[in-house]
Structures are given as structure tokens and as C-alpha cells.
Amino acid sequence: MGRFILEVAESVGQVALLWRETLVSFVRGRWEPRLSVTQMAEIGVSSFAVVGLTSLFTGMVLAFQSGFSFIKVFNEPLYVGSVVGLSLVKELGPVLTSVVLAGRVGASITAELGTMNVTEQIDALYTLGTSPVRYLAVPRFIAMMIMMPILAALADIIGVIGGFLVANLQLKIASGVYWEEVTTFVDLNDVAHGLIKAFFFGLIIVTTSCYKGFTCSGGAEGVGRATTSAVVISMVLILVGDYFLSAFLVSIGIGG
Amino acid sequence: MISLQGLEKTFGLNRVLRGLDLEIKEGETITIMGGSGAGKSVILKHIVGLMKPDKGRITVKDVDITSLKGDALNEIQKQFGYLFQGGALFDSLTVGENIAFGLHNLRPDLARHWKDVVAEKLGLVGLKPEIAALKPAELSGGMKKRVALARAIAYEPSYILYDEPTTGLDPIMSDVINELILGLQKSLGVTSIVVTHDMTSAFKISNRIAMLYQGKIVALGTSQEIRHSTDPLVKQFITGSSRGPIQMQVRAIE
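Report follows, based on the coordinates.

**A short note on the overall build of chain B**
- A tally of helices and strands in chain B yields 11 helices and 10 strands.
- Over its C-alpha trace chain B gives a radius of gyration of 18 Å, about what one expects of a compact globule, namely 18 Å for 254 residues.
- Taken over the C-alpha atoms alone, chain B extends approximately 55 × 40 × 30 Å along its principal axes.
- Sequence-distant contacts, at least 24 apart, represent 64% of the contacts inside chain B between residues at least 6 apart.
- Total accessible area on chain B stands at roughly 11,400 Å², and carbon and sulfur atoms take up 53% of it.
- The averaged location of the 27 negative side-chain charges in chain B is 3 Å from the averaged location of its 30 positive side-chain charges.

And the structure:
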């Protein structure tokens, strides 16, 4: 137990150092926009399809479940638009997007950096006068923290459209009614609530996966272990952090 | 001159360096030999600042680099070329980009003509300029080592550190690498520090040989002196016998 606490404390310290070096490199302008753009394409553009697909079906199933539940209670599908809109914008959009990205992007970051680490490529960067944090971590931090809210916003929109398809075609809710429910109950404050969370989930994913990649050791097996634990830790931190972040944001009046 | 004084380094329970002293003269090729896991690579990583000692001092041309960081350390690193054991070429870049990688930061004056530098260094390691466009995955083991060597010398360092340059290569390719090391020595006049357990290679390329055992240098002399040494540790190592004072532990932890 004591050892576990020591290890956690050490990790927290190293993460703080990683953040500091990333921030210092960023503020001093010691980063290459070209690398960040490549990473944005890698993280954002190529994740769009899977994020879109998950959110489309999430919106559809939300409309389906809420619609039929309300039919049981009220004999008609009331408030489907507001259930779909609020759940997606405040919770499911950002959370599902970040869970997908933790699996897709987080894993690949850890695997890539981890492989570079065990094959001494990270040491090589250093001997060639390049800070590994500046060259590898900073572009990924920038890309993740920009792309995460954008992807979450797109997930919100696609999810609400998915909900609309089911509401309109299956539950026979008039399109005007659905959209009015969405727009009456979801305001910009709720959108901000979700996107701010997405931003912090992005930070969780990129921090965990870079940290695990930079610290992994023990050959191919070590890379495998680091990758698994990066994904698991990211997901747990996202879901646990979601509660506290939501509570905090509501307490300061964002998305109450 | 590079001087290592009383270096100590412990990983977990494993005391790798236990008060190591060594002086490396300008212009020489010195080989540090020792068993697998004895800490040979650890010494190189300390010299270049990739690792910090728990105790002791490292000076390069009378500058104490032990606690240097950031840009100050970067300045020192410009003087070192490092050939990693597996080459450590960047998979995502071409051979040419790999070789030119350090120029931008370490030698901006050469960076403008990077293509010429790449062709020249490839020539020095006996490779054709056409391979600059290939990716490292398309190269054989021996070619990777040579490209890695070209990368290490691209910015014209005054010290070259070789981490097991011949390990994993066939005897002929090993000798090609030995010749390259000797050739670079002559043409560039650099100081070379080689760690290896390949004795053929060590005797061929070294001016002096040091033997690392249990975290200290236990023998140091010219190639001839080491070859004819009566020290039982040295004798056992260069003849490659499992019988003698060196008992390989199953685990390197005592």
C-alpha cells in the first residue's frame, strides 16, 4: 500500500514536470506548427468517422428509448427532443467522444512514443539537440486540446440529428416539435458545459498517453502494457473526472 | 578531455556504477568492455547527459556537465555524436531526413545545404546517396547501423560514442564497421568511446581498453597490454570462458 502511494506520488510529480515543460515550450514559441497540424489531422480528421458513427447511433437509441418510455407513461412521446439534446450536449457527446479518442488516439500515442522509447529513438532525439517533449508531446497536446471540443461539438450535432431521424420516422414526432424541444431546453450554457469538459478530457487523454509512452520500458511487452494502462487510466479518469467537473461547472453557473 | 570521477548510479536495487573513475584523452579511441548488463551503455548515457549520476562528477574539456540542463547542456551535446545500439533511426522519416535531423538545432550553418551534407556523410559510411529517399524499415541491419553512424557524424562532433557498434552483425559486416570507425578516426580526428563485448573489434579499433566490472574500471591499458594481461578477470573476459573469477549472475541484483 505504501509503495502504491509512493508510485502514485511519483507519477503525479512527473506529470507535473511534463506539463511544465510542455507549457514552457508552448509559451516560448518553441514548437513547430507543422507538427501540430499533422497531429490534428491524425487525431481529429481521422477520428471523425468513428466519432460520427457512435454519436449518430447514440442519438438514435436515446430517442428510441425515451420515446417508448414516455409513450408508456404519457401515451405520447413527449420531450424526446429535450432528452436527446440535453443528454448529448451535456454528457454523452463529450464523454463518448473522449472514450472513443482514448481508445483510438490515446492508445496510438502511447504505442508510438513507447516504441520510440524502447528503441532509444527518444534518447536519439535528445542527443540530436531536440527536446522530446517539444518535438513529440507539445504537438499532440495542442492537437488534442483543439480537436477534442471540435469533435465533441460535431458529435452533439450528429447525435441530435440521429435522434431526429428516430423521432420523426419511427415515433412520428413532427420535426417542428422535435427541434423546438431541442432548442427550448438546450442553451449555449449547456453547450459550453459540454465543450469545456471535452477540453479537459482531451487534456486527460493526451497527458496519460504521453506520460505512459515516455516512461514505458521493457521492450514490446512493456509497450503493450503501457498502452493498455494508458487507455484504462484515461477512461477511468474521464468518467470519474466527469462527475467532479460537472459539479464544479454547475456550481460556477455553467450549464446548471 | 573527458573525465569521470567517482560516478555512482543505482537503479532500484541494482548498483550499476559504484564509484567509477575514467579519463578519456583527446583524439584517442577507448573501448570500455564488460559483460552484458554491466552498465557500459549507462556510462555513455552519463557522458552525454541522458542520465544523471547519483554521485560523482563528469567534466568535458574542464566544463562540469554533471548538473547542466537545457540550453547549456545542449551546447555540450553538440560536441557528441551517439551511435545507438539498435541505430534508433526515426521510423517516420526518410534516411536523408534522419541524417539531417540534428543540423537544424546543432549546426544551423550546415542546415541550408543539408542535402549535400547527407550525400557526403552517406559517402563516408560507404553508402550511395540514392538511399537517402528510403525509409529505415527498408534497410538491412548493417545499413541501419551505417545510416545511424552517418547521422551521428552529420553535425561534425568532436566525440563519437559507439554503443555496441558490431552487436548483431555478421563477422564481415562487423569488420566493415570496424574499418569505418578507424577511417573516421583518421579522417575526422575525433575522440571515440566505444562500448562493446566484441573483443575482435575492441583490439582492432582501440588505442586503450578499459574493463568494467562490478561498477568500476578494474583494468585499463593499451590494446597490447590488455591482450597480454595476466589479470584473471581480464584474461577470463577476453578468452570468453565461463570459468574464472567472473561469475555471471542469473539476475544482476545482489
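**Things to note about the overall build of chain A**
- The helix and strand inventory of chain A stands at nine helices and zero strands.
- Along chain A, helices (α) and strands (β) appear in the sequence α-α-α-α-α-α-α-α-α when read from the amino end.
- Burial statistics for chain A: of 256 residues in total, 48% are counted as buried.
- In chain A, the share of contacts with a sequence separation of at least 24, taken over all contacts with a separation of at least 6, comes to 84%.
- Summed over its atoms, the accessible surface of chain A is roughly 12,100 Å², and 72% of this surface lies on carbon and sulfur atoms.
- Counting 14 positive and 17 negative side-chain charges, chain A places the centres of these two groups 5 Å from one another.

**Points about the sheet that holds strand 2 (residues 14-24) of chain B**
Residue and element names in this part refer to chain B.
- Taken in spatial order, the four strands line up as 2-1-4-5 in an open sheet, and their pairing is antiparallel. Of all strands in the sheet, those with a lone pairing partner are strand 2 and strand 5 (63-64), marking the two edges.
- As defined by bridge partners, strand 1 (residues 2-11) adjoins strand 2 across eight bridges and the pair is classed as antiparallel. Paired with Lys 9 across the bridge in strand 2 is Leu 17.
- The strands touched by helix 1 (residues 40-47) within the sheet are strand 1, strand 2 and strand 4 (55-60), with strand 1 carrying the most contacts at an inclination of about 120°.

**Quick look at a nonpolar patch on the surface**
Residue and element names in this part refer to chain A.
- Where nonpolar side chains cluster on the molecular surface, the patch consists of Phe 48, Ile 146, Ile 150, Leu 154, Ile 157, Ile 161, Leu 165, Leu 169 and Trp 179 and spans about 770 Å² of accessible area.
- Sort the elements by how many residues they give to the nonpolar patch and helix 6 (residues 132-169) lands first, with seven residues.
- Among the residues examined, Trp 179 registers a relative accessible area of 35% and is labelled partly exposed.

**Observations concerning the pairing of strand 7 (residues 159-163) of chain B**
All names here are of chain B.
- Counting buried positions along strand 7 gives five out of five residues, so the element sits mostly inside the fold.
- Burial along strand 7 is two-sided: Tyr 159, Leu 161 and Asp 163 and Ile 160 and Tyr 162, pointing in opposite directions, are all buried.
- Two strands pair when backbone bridges link them, and strand 6 (residues 80-83) and strand 7 are joined in this way by four bridges, in the parallel orientation. Bridge assignment links Phe 80 to a residue of strand 7, and that residue is Tyr 159.
- Relative to strand 8 (residues 191-196), strand 7 runs parallel, the two sharing five bridges. If you follow Tyr 162 over to strand 8, its bridge partner there is Val 194.
- Read as a crossover between parallel neighbours, the route from strand 7 over helix 8 (residues 171-188) to strand 8 is right-handed.

**Topic: unusual backbone geometry**
- Positive phi values are uncommon outside glycine, yet Glu120(A) reaches one of about 65°.
- Here the phi dihedral of Glu156(B) falls at roughly 55°; this positive angle occurs in a residue that is not glycine.
- Here Glu156(B) lies in the loop between helix 7 (141-153) and strand 7.
- We classify Glu156(B) as partly exposed; its relative accessible area is 41%.

**A few points about the interface of chain A and chain B**
- Facing the 14 residues of chain A at the interface are 25 residues of chain B.
- Approximately 1,600 Å² of surface area, both sides summed, lies buried where chain A meets chain B, with 55% of it carried by carbon and sulfur atoms.
- Together, Tyr126(A), Thr127(A) and Leu128(A) form the three largest contributors to the area buried by chain A at its contact with chain B, with a combined 40%.
- Across the pair Asp123(A) and Lys45(B) runs a salt bridge, and its minimum N-O distance is 3.2 Å.
- Taken together, the links from chain A to chain B amount to seven residue pairs in polar contact (both at pLDDT 80 or more).
- Along the lines of polarity and charge, the residues of the side of chain A that touches chain B split into six nonpolar, five polar and three charged.

**Section: the sheet that holds strand 10 (residues 216-222) of chain B**
All names here are of chain B.
- Taken together, the six strands give an open sheet; going across it, the order is 6-7-8-3-9-10, and neighbouring strands pair in mixed fashion. The sheet is open, and its two borders are formed by strand 6 and strand 10, each paired with just one other strand. Put simply, the sheet's adjacent strands are angled 15° from each other on average, direction ignored.
- Where helix 1 meets the sheet, its contacts fall on strand 3 (29-33), strand 6, strand 7, strand 8 and strand 9 (208-213), and the angle it forms with strand 8 comes to roughly 150°.

**Describing the pattern of salt bridges**
Residues and elements named next belong to chain B.
- Under the criterion given, the structure shown has 20 salt bridges over all chains.
- Across the salt bridge formed by Lys 78 and Glu 75, the nearest N and O atoms sit 3.2 Å from each other.
- Accessibility expressed as a relative area gives 26% for Lys 78, which makes it partly exposed.
- One salt bridge connects Lys 121 with Glu 120, and the closest N-O pair in it is separated by 3.4 Å.
- For Glu 120, a relative accessible area of 44% corresponds to the partly exposed category.
- In the salt-bridge network here, residues are joined through shared partners; they are Arg 107, Asp 109, Glu 120, Lys 121 and Glu 156.

**Here we look at the packing of aromatic side chains**
- Applying the stated criterion across every chain, the model contains 12 aromatic pairs over all chains.
- Here Phe164(A) and Tyr178(A) contribute two aromatic rings whose centre-to-centre distance is 5.5 Å and whose plane-to-plane angle is 55°, an arrangement assigned as tilted. Taken together, the residues Phe164(A) in helix 6 and Tyr178(A) in helix 7 (residues 175-185) connect sequence positions 14 residues apart.
- Residue classification places Phe164(A) among the buried positions, given a relative accessible area of 17%.
- Tyr178(A) sits in the buried class, given a relative accessible area of 0%.
- Ring centres of Phe80(B) and Tyr159(B) lie 5.0 Å apart, and the angle between their planes is 25°; this geometry places the pair in the stacked category. With Phe80(B) in strand 6 and Tyr159(B) in strand 7, this residue pair connects regions lying 79 residues apart in the sequence.

Parameters at a glance
Along every chain, residues carry numbers that run from 1 in the direction the sequence is written. Throughout, the order in which chains and ligands are written sets their labels, letters from A for the former and numbers from 1 for the latter. Totals for whole chains, interfaces and linings use every residue, but because this is a predicted model, local features are given only for residues with pLDDT of at least 70 and side-chain atom pairs only at 80 or more, for both listing and counting. Side-chain metrics in this entry use all non-hydrogen atoms of the structure; hydrogen atoms and water are not considered. Numbering of helices and strands runs from the N terminus, with a helix taken as a DSSP run of H or I at least four residues long and a strand as a DSSP run of E at least two residues long. Only C-alpha atoms enter the radius of gyration; for comparison, a globular chain is expected to reach 2.2 Å times N to the power 0.38, where N is the number of residues. Contacts were defined at the residue level, with two residues in contact if any of their heavy atoms lie within 4.5 Å. All accessible areas in this document rest on Shrake-Rupley with a 1.4 Å probe, and a residue is counted as covered only by the protein chains that are shown. Charge assignment in this entry is limited to Lys and Arg as positive and Asp and Glu as negative, and neither His nor the chain termini are counted. For charged residues, the charge sits on one atom: NZ in Lys, CZ in Arg, CG in Asp, CD in Glu. Relative accessible area decides the class of each residue, using a 1.4 Å probe on protein chains only: under 20% of the type maximum gives buried, over 50% gives exposed, and in between gives partly exposed. Two strands pair if DSSP finds at least two bridges between them. What counts as an axis is a line fitted to C-alpha atoms, over the stretch in contact for a helix, and the angles between N-to-C directions run from 0 to 180 degrees. A residue counts toward a patch only above 30% relative accessible area and without a salt bridge, and it is joined to like-charged neighbours within 9 Å or, for Val, Leu, Ile, Met, Phe, Trp and Tyr, to nonpolar neighbours within 5 Å. Any Lys or Arg side-chain nitrogen found within 4 Å of a carboxyl oxygen on Asp or Glu counts as a salt bridge. If you view a crossover with the strands going away from you and the path from the first strand over the helix to the second runs clockwise, you call it right-handed. What gets called buried area is simply the loss in accessible area from a 1.4 Å probe that two parts show on being joined, summed for both. The term polar contact refers here to a pair of N or O atoms within 3.5 Å; inside protein, the definition further demands a hydrogen-donor-capable atom paired with an acceptor-capable atom, and it admits residues adjacent in sequence only when both atoms are side-chain atoms. Put simply, Ala, Val, Leu, Ile, Met, Phe, Trp, Tyr, Cys and Pro go in the nonpolar bin, Asp, Glu, Lys and Arg in the charged bin, and everything else, Gly too, in the polar bin. Each aromatic pair joins two rings of Phe, Tyr and Trp (for Trp, the six-membered one) with centres within 6.5 Å, and gets the label stacked for planes under 30 degrees apart, edge-to-face for over 60, and tilted for any other angle.

In short, the description is geometric, and any link to function would need to be established separately.
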